[in-house]
Amino acid sequence: MENIVLIGFMGCGKTTIGREIASLGGRFLLDTDQIIEQNMGKSIKEIFQSVGESGFRRIESQLILWLGANVKNAVIATGGGMAVYNDISYLGKVFWLDVRFDSILERLDSIQRDKRPLFHNIPQAKQLYNERKKIYEKKAQYRVNGSASIAEIARQIVEYMERESNGL
Ligand code: S3P
C-alpha cells in the first residue's frame with residue numbers, strides 16, 4: 001500500500017489526523033518530529049537550540065531519504081517545514097491539511113507554541129504561514145479542508161486512497 005503523507009502548517013492537525021487514519025486499520029503512523037526527537041534524544045526545541053534550523057533541516061532531509069527507501073503502508077505526519085524544503089512526492093500520496101491561521105492560533109495554547117521555535121513570535125508565524133500556503137498547495141496532490149471533523153478528514157483521505165487503488 002502506498003504511504004499517505006500529511007503536510008501543512010504547524011498545528012494543522014497532521015499527527016491527530018494521522019492517528020485517526022491509523023486507527024482505521026492497515027497503516028501505522030510515523031510522525032517525523034517524533035522520530036527525530038527519539039533518535040536525537042532531544043526535543044525539537046533543544047535541537048533548534050543546539051544545531052539551529054539548518055541542522056534540523058539536514059536531519060529532516062536524511063529522514064526523508066530513509067523513509068522513502070524503507071517505509072510502505074504507513075501514514076506519515078510530516079513536520080511543517082518538511083515539504084517546504086524537500087521533495088516529498090516519492091514518499092507517497094501527499095495530502096495538504098488546509099486550516100486558516102486564526103483557527104491554528106485558537107488550537108495552539110502557549111505550551112504548544114513554545115514547543116515550536118518558529119511559532120514563538122505570532123506575527124512572524126503568520127507571515128511564514130502566508131509564504132508557505134502556496135508551497136503546500138503546489139506540493140500536495142490533494143487539498144483537504146482541515147477544519148472539518150477529525151473523523152471526516154480521515155474518512156475523506158482513506159476513501160481517496162481506496163478510489164485510487166481501485167483505479168476510479
Ligand atoms: C516546523 C514545524 C514543526 C517542527 C519544527 C519546524 C516548521 O512541526 O518540525 O518546529 O518549520 O513548520 P509541526 O508542523 O508538527 O508543528
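Being a predicted model, the structure only gives us computed values, none of them experimental. (Residues numbered from 1 in each chain as written. Predicted model: local features only at pLDDT ≥ 70, side-chain atom pairs only at ≥ 80, totals over all residues. Heavy atoms only, no water.)

**Structural notes on the UniProt feature "binding site: Mg(2+)" (unreviewed entry) in the chain**
Applicable threshold: UniProt positions are given in the numbering used here, feature names are shortened, and annotations may be inferred rather than shown by experiment. What counts as a helix is a DSSP run of H or I of at least four residues, what counts as a strand is a run of E of at least two, and both are numbered from the N terminus. Contacts: residue pairs with any heavy atoms within 4.5 Å of one another.
With numbering matched to this structure, UniProt assigns "binding site: Mg(2+)" (unreviewed entry) to Thr15. Tracing the sequence through the fold places threonine 15 in helix H1 (residues 14-23). Not counting residues up to four positions away in its chain, the partners in contact with threonine 15 are Leu29, Asp31, Gln34 and Ala77.

**Section: the sheet that holds strand E3 (residues 74-77)**
The strands making up a sheet are joined through hydrogen bonds of the backbone, oriented either antiparallel or parallel. Using the following cut-off: Pairing between strands requires that DSSP locate at least two bridges from one strand to the other. Axis definition: a line fitted to C-alpha atoms, over the contacting stretch in the case of helices. Angles run 0 to 180 degrees between N-to-C directions.
With parallel pairing, the five strands of this open sheet are ordered in space as E2-E3-E1-E4-E5. Of all the strands in the sheet, just strand E2 (28-31) and strand E5 (142-145) have a single pairing partner and so form its edges. The sheet shows a mean angle of 25 degrees between the axes of neighbouring strands, taken without regard to direction. Where E2 and E3 come together, four bridges link them in parallel fashion. Note that in E3 the partner of leucine 29 across the bridge is valine 75. Strands strand E1 (4-7) and strand E4 (93-98) of the sheet are contacted by helix H7 (residues 122-139), whose axis makes an angle of about 145 degrees with E4.

**Brief notes about the UniProt feature "binding site: substrate" (unreviewed entry) in the chain**
Rules: Residue burial is assigned from relative accessible area. The probe radius is 1.4 Å, only protein chains are included, and a residue is buried under 20% of its type maximum, exposed over 50%, and partly exposed in between.
With numbering aligned to this structure, UniProt lists the feature "binding site: substrate" (unreviewed entry) at Asp33, Arg57, Gly80 and Arg132. In this fold, aspartate 33 is placed in helix H2 (residues 32-40). The class of aspartate 33 is partly exposed, set by a relative accessible area of 25%. Dropping the residues within four chain positions of it, aspartate 33 is found in contact with Ile44, Phe56 and Gly79. Among the secondary structure elements, glycine 80 is positioned in the loop between E3 and helix H4 (82-85). Contacts of glycine 80, omitting those with residues within four sequence positions, involve Gly8, Lys14, Arg132 and Tyr136.

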